[in-house]
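Listed below are the residues making up each chain.
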Amino acid sequence: MAKYRLGEPMRTLWAKSDGRSLLAHMLDVAAAASAILDREPLRTCDLYAADLCLSRDQARRWVCALAGLHDLGKASPGFQQLWAPGAARVREAGLTWCDRNPPSPIPHGLVTQRVLEDLLRERGWESRAAQHAADAVAAHHGFRMTADSLRIGVREEGLGPWIAARAELVGAVLEALDVGAPPAIRRLDGRAHARLAGLASFADWIGSSFPPASLGDDLDEYLGKALAQAATTLDSIGWHSRAPLVGACTTPASLFAYLGKPSEPFVPRPLQTSVGELLRDTEVPSLFLIEAPTGEGKTEAAFHAHVQLQATVGHRGMYVALPTQATGNMMFDRTRTFLEHVAPGRLLDLQLLHGAALLADSFESIVVRGNVQDSATESVAAAEWFTHKKRALLSEYGVGTVDQALLGTLNVKHYFVRLWGLANRTVIIDEVHAYDTYTSGLVTALVRWLHALGSSVIVMSATLPASKRQELLTAFGASTVPESPYPRVTQVSSGVCRVRHFASRPRMRVALRAARPEIQEVSALLIRLAEPGGCVACIVNTVQRAQDLFKALQPAGLPIWLFHARYPVGQRLLIEREVTSLFGKGSAGRPQRAILVATQVVEQSLDLDFDAMVTDLAPVDLLLQRAGRLHRHARPVETRHGHALPVLHVAGLGQGGELPELGAPHYFDRVYQPYILLRTWAALQHASAIESPEHGDALVQLVYGEAALERELPYHVQQAFAKAKEALLENVRDDEADARAVSIGNPDDGTWEKVRALRRQESDEPGVLLPVLTRKGTESVKAVPLFVINGGLALARSGAGPVRLDKAPGPAETRQVALHAVALSRTEVVRGLTAGGPRRDAWEESTILRDCYPLIMDGVQNVFGRTRVDCDPELGIVYERTGG
């Protein structure tokens, strides 16, 4: 039993202004780290053992001790002077500083990193390993220290008795944790650093919430009480033991029996069977790349892979990453249903991760506020503690946008906490083809980090260019990538690649027809298609085209719906639900005749079915996605109202070698790379139909490959191709440079060690050098349209929902205001709102409204430069050019 004799100076050092002892707080955090690991799978501790080359028990003791030493830098004049009552007691104990030239109040993490590195060396650590360990725990407030920031003076650090006090603190913590011999490692690599830094921050959040307790001479006794308090705190926030959902031998047929009916039991698709075969002898973290058409059961295959890997490998949970908030909301419902059926009665935490998560009714309905043990009644719930954006990825299960995971690879505050949350976990990345060059590169970096952190990854896509397929598989350690016909599932385990081709369900022949891109031409075509009956979709590339087309169609008197991303959040959610109920699977209210005009919001993940479709020219893989919404569900042919065969009309495809109009007035080139559009146009010039899934994959490889599609075309066309290609290459170079500028580097080389100054993730963070983006494009802001009614402001033209900007709104009003927010990206509008908009001090106190800007609809304050902004009840946000 440790009976460490505590010197008086060490007893007086304080950690918080409630008088809490510094040593007590350090032991609290060490106990919190230990309690967290108590509830982790054994494999998590094994990963720490591999990091430190120690036994599981020794590694755990060292990791918890290092987490406890995170605040060692508070044993310095620069910190101890900050609280007058504590400073007086410290000085009485002999730890002094000069009042005439007092120390600067620098962040204590800087001192932690400087002094802990030296003290670990004195304890037998190799020099570089000590530096990395000190770097990891010193970053617990979210910031890693740059070399320049570590040049602090002796006035702030403290010499003489301060050095002795810090040495005593380290000795006390290490003795209390009974750490044993130091690890004989020369360095920590990126994965080990992230694991240590993430746990230290998480444990600090838990340990900092403990009530103050007196510290006696018996550190074992204190540590025992701290461990009990840590267990209580983890219970209260909903951090339960991580255990497999079901056994390792579960089959898809039993796992998804709930999807069947008594008369039609669930029968696994060939894809799901192929994944199951690959899983049979898989006992290590793996990547599964599933390339298959829509409707083949990719999501169920991914869920089955998680269940199997969780049981055999020891993964701790699952995160499902989607391209948009809308697709995240739909997947959240599917994931919740899955968890409720496979683990009935077991309390599981499931979070929805995106900027409008708390506005989604399905998520809000399961959020448990207050003490989780007292409040949770459902088997699947969302503990309030994890709804904070920096903590959400710590939850056992999560669904959200891919951006939340990508932030773990970028140089933002607490990136390592995100990585810790994703480590030793199953991460599902859906619709991976949906991203541009910049974001796609970040996805590859994420896969590389997940591989390093011992996670399994399931990547899903309708189809991928061969180069991107190679890139993703290599990022997970594949040494060679075998070829296989499409559709296919490829597995990477311990560097070995295995691939399975499987039979997909027969696909109808989708005929291709060229169409003119002018609004009136598209409008006339839609009317011709809809007049005999049937549900017709038109997917256009910009919101402006969608609004113009909607207005052009109205005189026809047909039922028309409009769906795009420039609606206030609440209205968009209502439209999304209505569109799904009208055109989704099994919808009882499917109209006899209807036209849906939409942008890319219906392109992915929404399970919609149309009888005919018109689409703007888009990259070939996205055209295939759009075509996947044609005749998606089995219906009697007579209900197709003359559209017995699926036909995809492509506006802008052109005829007779006529180059498509990519710029004004259609502006396709503002959404997609002109070179890819031109190659898509060239590849489809002589195609009359898409015959099969294999044909669609061949088209993708042709468009994204190296073949000179323009070789036989006229000279002016070849020149247009050459110009567009050069612009693409320049953009790719810029994207790669920007990604490197905000990246944390790679886990396996030294790039992660090069700490750069912090980039902005949130509006309140200092040190802005370059905005950190998970997606490139025009900067946007969240605006809340407010209407001037009788001298006041309201959320509606009717006067409903009165709003005040000088008074903090209550919870109900906050939710109502947030439901009226809409993302705007017009440059003049963004600049006007952020630089000269009305004061919103009361909103800045709200975590939900902090990033929202009032948009006053009074005929004056809604004009920015030459752009007038209107909020139309049917069209959504409308931009109009003024004559000023």
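The structure presented is a predicted model; accordingly, all values stated were derived computationally and were not measured.

Rules used in this analysis
- Residues numbered from 1 in each chain as written.
- Predicted model: local features only at pLDDT ≥ 70, side-chain atom pairs only at ≥ 80, totals over all residues.
- Heavy atoms only, no water.
- Helix = DSSP H or I, 4+ residues; strand = E, 2+ residues; numbered from the N terminus.
- Rg over C-alpha atoms; globule rule 2.2 N^0.38 Å.
- Buried < 20%, exposed > 50% of the residue type's maximum accessible area, 1.4 Å probe, protein only.
- Contact = heavy atoms within 4.5 Å.
- Lys, Arg positive; Asp, Glu negative; His and termini not counted.
- Charge placed at Lys NZ, Arg CZ, Asp CG, Glu CD.
- Patch = residues over 30% accessible without salt bridge, like charges linked within 9 Å, V, L, I, M, F, W, Y side chains within 5 Å.
- Areas by Shrake-Rupley, 256 points an atom, 1.4 Å probe, with all protein chains shown as cover.
- Salt bridge = Lys/Arg side-chain N within 4 Å of Asp/Glu carboxyl O.
- Phe/Tyr/Trp six-rings, centres within 6.5 Å; stacked < 30°, edge-to-face > 60°.
- pLDDT = per-residue confidence, 0-100.
- Arc of directions from axis to C-beta.
- Pairing = 2+ DSSP bridges.
- Axes fitted to C-alpha atoms, helices over the stretch in contact; angles between N-to-C directions.
- Core = buried A, V, L, I, M, F, W, Y, C linked by side-chain atoms within 4.5 Å.

### Some words on the overall build of the protein chain
Of regular secondary structure, the protein chain possesses 31 helices and 25 strands. Scaling as 2.2 N^0.38, a compact globule of 884 residues should have a C-alpha radius of gyration of about 29 Å, and the protein chain matches this with 29 Å. Along the three orthogonal principal directions, the C-alpha set of the protein chain runs to about 90 × 70 × 60 Å. Expressed as a percentage of its 884 residues, the buried residues of the protein chain come to 57%. Counting contacts in the protein chain only where the partners sit at least 6 residues apart, residues at least 24 apart contribute 75% of the total. Counting 94 positive and 98 negative side-chain charges, the protein chain places the centres of these two groups 1 Å from one another.

### Section: a nonpolar patch on the surface
Side chains of V154, L159 and I163 sit close together on the surface and give an oily, nonpolar patch of about 260 Å² of accessible area. Among the structural elements, L159 can be located in the loop between α9 (154-157) and α10 (161-177).

### Thoughts on the packing of aromatic side chains
All chains considered together, the criterion is met by 21 aromatic pairs. Between the aromatic rings of F256 and Y258, the centroid separation amounts to 6.4 Å while the plane-to-plane angle is 55°, which identifies the pairing as tilted. Residue F256 is classed as buried on the basis of its relative accessible area of 1%. By relative accessible area, which is 24% here, Y258 ends up partly exposed. Centroid distance F583 to F610: 5.1 Å. Interplanar angle 40°. Geometry classified as tilted.

### Some points on the confidence of the model for the protein chain
A residue-level look at the protein chain finds 96% of positions with pLDDT of 70 or above and a mean pLDDT of 90. Every residue in residues 373-377 scores below 50 in pLDDT, and together they form five contacts with partners more than four places removed in sequence or on other chains. Across residues 758-770 the pLDDT falls below 50, and counting only partners more than four positions away or on other chains, this stretch makes 33 contacts in the model.

### Some details on helix α31 (residues 827-836)
When we look at burial in α31, the residues that qualify are V829, V830 and L833. Within α31, the buried residues cover an arc of 100° as seen down the axis, which keeps them to one side. Those residues of α31 that are exposed and aimed more than 90 degrees away from the buried face are R831, A835 and G836. Contact partners of the buried residues in α31: β18 (781-789), β21 (822-824), β22 (852-857), β23 (863-864), β24 (867-872) and β25 (876-881).

### Some remarks on unusual backbone geometry
Omega for the peptide link from Y486 to P487 comes to -5°, which places this bond in the cis form. By the element assignment, P487 lies in the loop between α22 (466-475) and β9 (488-493). Note the cis peptide between A664 and P665, where omega equals 5°. Looking at the element boundaries, P665 is found in the loop between β16 (647-651) and α27 (674-684). In the Ramachandran plot, N424 falls in the positive-phi region, its phi being about 50° despite a non-glycine side chain.

### A short note on the sheet that holds strand β8 (residues 456-461)
With mixed pairing, the ten strands of this open sheet are ordered in space as β4-β5-β3-β6-β2-β7-β8-β1-β9-β10. The outermost strands of the open sheet, each flanked by one partner alone, are β4 (367-368) and β10 (496-501). With six bridges joining them, β9 and β10 adopt antiparallel strand pairing. Across the sheet, residue Q491 finds its bridge partner in β10, namely R498. Here helix α14 (residues 270-279) sits on the sheet and contacts β1 (286-291), β9 and β10; the angle it forms with β9, its principal contact strand, is near 20°.

### Quick notes on the pairing of β22
Burial analysis of β22 places six of its six residues in the buried class, which makes it a mostly covered element. As paired strands, β18 and β22 are joined by six bridges and run parallel to one another. The residue bridging A783 from the neighbouring strand is Y853, located in β22.

### Here we look at the environment of I676
Checked against the element boundaries, I676 lands in helix α27. A relative accessible area of 11% places I676 in the buried class. Apart from the residues within four sequence positions on either side, I676 is in contact with P619, V703, Y704 and L728.

### Focus: the nonpolar core
In this structure, L23, L27 and L177 are the most contacted members of the largest nonpolar core, which totals 139 residues. Looking at this core, the element that brings in the most residues is helix α2 (residues 22-38), giving 13 residues. Setting aside its immediate chain neighbours within four residues, L177 contacts L27, A30, R61, C64, A65 and L223. Counting residues in each nonpolar core, the second largest holds 77 residues, with I527, A594, L653 and F668 among its members.

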